[in-house]
Amino acid sequence: MTSTTAFWLAGRQATGETTFDVTSPWDGRTVGTVSVPTDAQIEDAVSASHAVREDFAATPAHVRAAALDHVSRRLAERTEEIARLISAENGKPVKWARGEVGRAVSVFRFAAEEARRFNGGEAQRLDTDAGGQGRLAFTRRFPKGVVLGIAPFNFPLNLCAHKIAPAIAAGAPIILKPAPATPLSGLILGELLAETELPAGAWSILPVPNDRMPALVQDERLPVISFTGSETVGYAIMDSVPRKHCTLELGGNGAAVVLADFASDEDLDRAAQRIATFSNYQGGQSCISVQRVIADASVYDRLLPRIVAAVEAQVTGDPNDDATDVGPLVSEAAAQRVESWVDEAVGAGAKLLTGGKRDGASYAPTVLTDVPAEATISCEEVFGPVLTVRKVDGEAEAFAAVNDSKYGLQAGVFTHDLQTAFRAHRALEVGGVVIGDVPSYRADQMPYGGAKQSGVGREGVKFAMDDYTYERVMVLTGLAL
């Protein structure tokens, strides 16, 4: 595996005066050494992006689309290499890392398609009133300016892709800051973008330490901020720049509802397997992992042992092994936090049915019941392989339980009834409702984002492009309509 020490400044490789090591959360080995940009280099990147913004917005669609297509193809060609890199720096089992690369391939392909059809313009006749006779409004979208993209560690390639690809497709220059724990996957995208003919300044990838971010966030030349990460940091960014356009993809505590009609043995086996898989995939480090199961009383006693058995069947261990389902968390500190939350809940009366053990950065897949409503693990995003199960009486109580949260990212509802599906879609205060499955399903072209404290704005290529641009109308006068 080859890692780079360079970052990407206005489309070219550069090195700073200091470096830091990226280490594996599984075995502590050094995966790569990354160069840190100096303040002067950061200024060069911002100046270049600001200077090129008008020219890049005017770049022909076919040029931007060709670049995005190229990145998509090259990611596909290097799937195994990049998957191994993701697994090494993040601790994600390699089989999940391969899936992440596949998703990034799709994101860049979707972006290439959108670049070709986005902003075709829309005409609106104005002679619906006498004062508009002979006039036609023509509306197009134009970039708001340079995007500052801030990506998290849990999907170190695909969530970088979700920042970069829509910006390029829309003609908006972007400066990407990958997560300090997992910068190597994002820097790979720089290698691939450097093979294209995009203009200098259209993109930079800067592994800037978190403590040096406030200056970038405050810089007036970066009018759009796209952040994915914690609620605390996201809202602090938004509060610090009230006149900037911020999109925030924040946390969740995803609920999977199992209703009374999902009651056959086959139904319950499937629900248990999906719940077990997606409460533990990525080590539970996904904003839409299953954290809460809300089961109707009529199926609860048959579902619970199935969930426990399916969780215990998850293969834990070396993320390099194709058989591994659950690897370590991103750091030992992250695992210690999860451990403290579970211990707090058990101390307050929760029942531990399986798991509850930590080994370094690894935490065993865990199932809890009878968790007090005020326990941290009930109220906050655990971001670890922990699942709580609760019994309710009927659909109304189940939907109320989903909504009894400050978060509202996605929810899953296991039901066969179409009317119930539409009631769920109306009642649940979340950004996405997945019928017949867990909340963890995401297609990268669909609008993805949350309600309440799960954030503002939407990812999904076209929807991010809408966020990065604004409508500008031109009125044509003296026309014979």
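Scope of this entry: the structure provided in the associated data block.

## Comments concerning the overall build of the chain
Now for step 1: Helix and strand content of the chain: 15 helices and 24 strands.
Now for step 2: Here the chain has a C-alpha radius of gyration of 24 Å; the compact-globule value for 481 residues is 23 Å, and the two agree.
Now for step 3: Considered along the principal axes of its C-alpha atoms, the chain spans approximately 70 × 65 × 40 Å.
Now for step 4: Looking at the chain as a whole, 56% of its 481 residues qualify as buried.
Now for step 5: Summarising the internal contacts of the chain: among those between residues at least 6 apart in sequence, 72% fall at separations of at least 24.
Now for step 6: When the accessible surface of the chain is split by element, carbon and sulfur atoms take 50% of a total near 18,900 Å².
Now for step 7: Mean positive and mean negative side-chain charge positions of the chain (45 and 61 charges, respectively) differ by 5 Å.

## Thoughts on the layout of surface pockets
Now for step 1: Reported here for the largest pocket is a volume of approximately 840 Å³.
Now for step 2: What lines the largest pocket is a set of 37 residues, among which Phe227, Thr228, Gly229, Ser230 and Val233 lie closest to the centre.
Now for step 3: Residue assignment for the lining of the largest pocket shows that the elements contributing at least two residues are helix H7 (213-218), strand E10 (224-228), helix H8 (231-240) and helix H11 (332-347).
Now for step 4: The dominant element in the lining of the largest pocket, judged by the number of residues it contributes, is H8, at 5 residues.
Now for step 5: When its residues are assigned to classes, the lining of the largest pocket shows 22 nonpolar, 10 polar and 5 charged.
Now for step 6: Volume-wise, the second largest pocket comes out at about 430 Å³.
Now for step 7: Elements represented by at least two residues in the lining of the second largest pocket include exactly strand E13 (292-296), helix H12 (376-379) and strand E18 (386-392).
Now for step 8: Broken down by element, the lining of the second largest pocket gets its largest block of residues, 4 residues, from E18.
Now for step 9: For the lining of the second largest pocket, the per-class residue count stands at 8 nonpolar, 5 polar and 7 charged.

## Examining the pairing of strand E4 (residues 30-36)
Now for step 1: Burial of E4 is extensive: 5 of the 7 residues sit out of reach of the surface.
Now for step 2: Direction of pairing for strand E3 (residues 18-23) relative to E4: antiparallel, over a ladder of 6 bridges. For threonine 23, the partnering residue across the bridge sits in E4 and is threonine 30.
Now for step 3: The hairpin turn running from E3 into E4, its antiparallel successor, is 6 residues long, and glycine 28 in that turn takes a positive phi close to 80°.

## A word on a nonpolar patch on the surface
Now for step 1: On the surface, a cluster of nonpolar side chains totalling about 330 Å² of accessible area is made up of Met474, Leu476, Leu479 and Leu481.
Now for step 2: Relative to the helices and strands, leucine 479 resides in the segment after strand E24 (469-476).

## A few points about the sheet that holds E24
Now for step 1: Strand order in the open sheet formed by 3 strands is E5-E6-E24, and the pairing between neighbours is antiparallel. Only two strands of the sheet have a single partner each, and these edge strands are strand E5 (122-125) and E24. Averaged over all neighbouring strand pairs, the angle between strand axes comes to 30°, with direction disregarded.
Now for step 2: Here E5 pairs with strand E6 (residues 136-143) via 4 bridges, running antiparallel. If you follow glutamine 124 over to E6, its bridge partner there is alanine 137.

## Some remarks on the packing of aromatic side chains
Now for step 1: Counted according to the given criterion, the structure contains 6 aromatic pairs.
Now for step 2: On the numbers, 5.9 Å between centres and 45° between planes, the contact of tryptophan 8 with tryptophan 203 is tilted. Note that tryptophan 8 is positioned in strand E1 (residues 7-9) and tryptophan 203 in strand E9 (residues 203-205), a separation of 195 residues in sequence.
Now for step 3: By relative accessible area, tryptophan 203 is classed as buried at 3%.
Now for step 4: We note arginine 472 situated over the ring of phenylalanine 142; from NZ or CZ to the ring centre the distance is 4.0 Å.

## Regarding the environment of leucine 159
Now for step 1: Note on placement: leucine 159 falls in helix H5 (residues 158-170).
Now for step 2: Exposure remark for leucine 159: the relative accessible area of 6% places this residue in the buried category.
Now for step 3: Taking C-alpha positions, leucine 159 is 19 Å from valine 290, a pair spaced 131 residues apart along the chain.

## Looking at the sheet that holds strand E17 (residues 366-369)
Now for step 1: Read from one edge to the other, the open sheet built from 7 strands follows the order E14-E17-E18-E13-E12-E20-E21, with strand pairing classed as mixed. Looking at which strands have only one partner, the edges of the open sheet turn out to be strand E14 (351-354) and strand E21 (432-435). Within the sheet, the average angular offset between the axes of one strand and its neighbour, ignoring direction, is 25°.
Now for step 2: The pairing of strand E20 (residues 410-414) with E21 spans 4 bridges and is parallel. Each bridged residue has a counterpart across the sheet, and for alanine 411 the counterpart in E21 is valine 433.

Basis of the calculations
- Residues numbered from 1 in each chain as written.
- Predicted model: local features only at pLDDT ≥ 70, side-chain atom pairs only at ≥ 80, totals over all residues.
- Heavy atoms only, no water.
- Helix = DSSP H or I, 4+ residues; strand = E, 2+ residues; numbered from the N terminus.
- Rg over C-alpha atoms; globule rule 2.2 N^0.38 Å.
- Buried < 20%, exposed > 50% of the residue type's maximum accessible area, 1.4 Å probe, protein only.
- Contact = heavy atoms within 4.5 Å.
- Areas by Shrake-Rupley, 256 points an atom, 1.4 Å probe, with all protein chains shown as cover.
- Lys, Arg positive; Asp, Glu negative; His and termini not counted.
- Charge placed at Lys NZ, Arg CZ, Asp CG, Glu CD.
- 1 Å grid on protein atoms, 1.4 Å probe; cavity = no way out; pocket = protein on both sides within 12 Å on 5 of 7 lines; lining within 4 Å.
- Points joined across faces, edges and corners; volume = space filled by probe spheres on them.
- Nonpolar A, V, L, I, M, F, W, Y, C, P; charged D, E, K, R; others polar.
- Pairing = 2+ DSSP bridges.
- Patch = residues over 30% accessible without salt bridge, like charges linked within 9 Å, V, L, I, M, F, W, Y side chains within 5 Å.
- Salt bridge = Lys/Arg side-chain N within 4 Å of Asp/Glu carboxyl O.
- Axes fitted to C-alpha atoms, helices over the stretch in contact; angles between N-to-C directions.
- Phe/Tyr/Trp six-rings, centres within 6.5 Å; stacked < 30°, edge-to-face > 60°.
- Lys NZ or Arg CZ within 6 Å of the ring centre and 35° of its normal.

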